Amino acid sequence: MTTVDTANSVTCPNCGSEIKTYGTPAPVHHCRACRTHTWSDREEWAKWRRTAFTDHVDEATRAVRVSNAASDYATADEADEALREMRALRLAWHRKARELTDAAGDLAPRSRDTVRVRTERWLAMSDAEQKVVMDIGRARDMYRGADRLVKALSAGELCWVEDYRREGWEAAPTATAILERWSDAIDAARKAAEDEFIRKVKATPIDDAAWEGECKRRRRLDAYFD
Ligand SMILES: [Zn+2]
């Protein structure tokens, strides 16, 4: 994979200005000074053809999908245990959120409030009061994270729960292990797709026929833009 590294440059054949190329092979160089372009020579073109750029690799690996069926990463017993753990965690966070909400009294966020009202109330609070409200928000957030996984597991599936929503998950080792296996499978599939993509790019033809095709393409583009 090519990363943009040290800056180097080519000289514009038209006006003699320096065009920075940042060490990355490119099919064409644009001169800002005289607003013309210069096609790369065959050697640089060949390098460019056989370079897997990060953006393209990302695109190729983003499309990778692995199964999210719980049964592919856990035995039936493990899936049941994970569901039990997550239900307990969901209940614990639900209780915690309710407890904090009750204790907060008038400070507690009200669902009927518009964003504007909520913002005004927030700005009128002291630091200590804001902390009370933040703790309620956090507990509700943790509840939602656990709730998503409970719903997915109930349907025999896995779903991603962001790391920050995994507070208290020491009490859910089975669910954690299953999500980690799933995550490892995703990483492995992406790595395989990345390797395959890079292998394909490296095998891109740079023979005379391909070069002739590139020259034709350039003539077409030049005719179009001139
Ligand atoms: Zn120039």
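Keep in mind that this is a model prediction, so the values were computed, not measured.

Definitions and limits used
Residues numbered from 1 in each chain as written. Predicted model: local features only at pLDDT ≥ 70, side-chain atom pairs only at ≥ 80, totals over all residues. Helix = DSSP H or I, 4+ residues; strand = E, 2+ residues; numbered from the N terminus. Rg over C-alpha atoms; globule rule 2.2 N^0.38 Å. Buried ≥ 20, exposed ≤ 12 C-beta atoms within 10 Å, placed from the backbone. Contact = placed C-beta atoms within 7 Å. Expected span 1.5 Å × (residues − 1). Axes fitted to C-alpha atoms, helices over the stretch in contact; angles between N-to-C directions. Parallel < 35°, antiparallel > 145°, perpendicular 65-115°, else oblique. Left-handed = near helix turned anticlockwise from the far one by under 90°. Nonpolar A, V, L, I, M, F, W, Y, C, P; charged D, E, K, R; others polar. Core = buried A, V, L, I, M, F, W, Y, C linked by C-beta atoms within 7 Å. Pairing = 2+ DSSP bridges.

S.K.: If you had to explain the overall build of the protein to someone new, which residues and values would you point to?
M.R.: A count of helical and extended segments in the protein gives 7 helices and 4 strands. Reading the secondary structure of the protein in the N-to-C direction produces β-β-β-β-α-α-α-α-α-α-α. On C-alpha atoms alone, the protein measures out to a radius of gyration of 28 Å, which is more than a quarter above the 17 Å that the 2.2 N^0.38 rule sets for 226 residues. Looking at the protein as a whole, 13% of its 226 residues qualify as buried. Sequence-distant contacts in the protein: of pairs separated by 6 or more residues, those separated by 24 or more amount to 60%.

S.K.: Can you lay out helix H7 (residues 208-225) for me, pointing to particular residues and giving the numbers?
M.R.: Here H7 is 18 residues long and its end C-alpha atoms lie 26 Å apart, about the 26 Å a rise of 1.5 Å per residue gives. The buried fraction of H7 is low, at 0 of 18 residues.

S.K.: Can you explain the packing of helix H2 (residues 54-62) against helix H6 (residues 173-202)? Please cite residues and give values.
M.R.: For the pair H2 and H6, the least separation of the axes is 9 Å and the interaxial angle reads 130 degrees. As summarised for this structure, H2 and H6 are arranged oblique, according to the angle between their axes. Along this stretch, H2 crosses H6, giving a crossing that reads as right-handed. Contacts between H2 and H6 involve Val-57, Ala-60 and Thr-61 from the former and Arg-190, Ala-193, Glu-194, Phe-197 and Ile-198 from the latter. In the contact of H2 with H6, the residues fall into 5 nonpolar, 1 polar and 2 charged.

S.K.: Hey, could you go over the packing of helix H3 (residues 76-104) against H6 for me, with residue numbers and the actual values?
M.R.: One way to put it is that H3 packs onto H6 with a least axis distance of 7 Å and a crossing angle of 120 degrees. Between H3 and H6, the crossing angle belongs to the class labelled oblique. Handedness of the H3/H6 crossing: left-handed. Across the interface between the two elements, Glu-78, Glu-81, Ala-82, Glu-85 and Met-86 of H3 pack against Thr-174, Ala-175 and Ile-178 of H6.

S.K.: Explain the environment of Leu-91 residue by residue, including any values.
M.R.: Looking at where Leu-91 falls in the secondary structure, it is placed in helix H3. For Leu-91 and Ala-146, which are 55 residues apart along the polypeptide, the C-alpha to C-alpha distance reads 8.9 Å.

S.K.: For the nonpolar core, give the residues involved together with the corresponding values.
M.R.: Membership of the largest hydrophobic core comes to 25 residues, with the highest contact counts inside it found for Met-86, Ala-146 and Ile-178. Of all elements in the fold, only H3, helix H5 (127-154) and H6 reach the threshold of two or more residues within this core. For this core, the leading source of residues is H5, giving 8 residues. Apart from the residues within four sequence positions on either side, Met-86 is in contact with Ala-146, Leu-149, Val-150, Leu-153, Ala-172 and Ala-175.

S.K.: Give a description of H6 that names residues and reports values.
M.R.: Here H6 contains 30 residues, and its C-alpha end-to-end distance of 43 Å stays within 8% of the 44 Å for a straight helix at 1.5 Å per residue. Looking at H6, one finds that the buried residues are Ala-175, Ile-178, Leu-179 and Trp-182. Among the structural elements, H3 and H5 are those in contact with the buried residues of H6.

S.K.: Quick one: what's the story with the pairing of strand E3 (residues 28-31), residue by residue and with numbers?
M.R.: Bridging between E3 and strand E4 (residues 36-39) involves 4 bridges; their strand directions are antiparallel. If you follow Val-28 over to E4, its bridge partner there is Trp-39. Once E3 ends, the chain turns through 4 residues before running back antiparallel as E4, passing Arg-35 with a positive phi of about 55 degrees.

S.K.: Quick one: what's the story with the environment of Asp-113, residue by residue and with numbers?
M.R.: By secondary structure assignment, the location of Asp-113 is in the loop between H3 and helix H4 (115-123). Here the alpha-carbon distance between Asp-113 and Gly-168, two residues 55 residues apart in the chain, equals 30 Å.

S.K.: Tell me about unusual backbone geometry, and please be specific about residues and values.
M.R.: Backbone geometry at Arg-35 places phi at a positive 55 degrees, although glycine is not the residue there. Relative to the helices and strands, Arg-35 is located in the loop between E3 and E4. Residue classification places Arg-35 among the exposed residues on the basis of 9 C-beta atoms within 10 Å.

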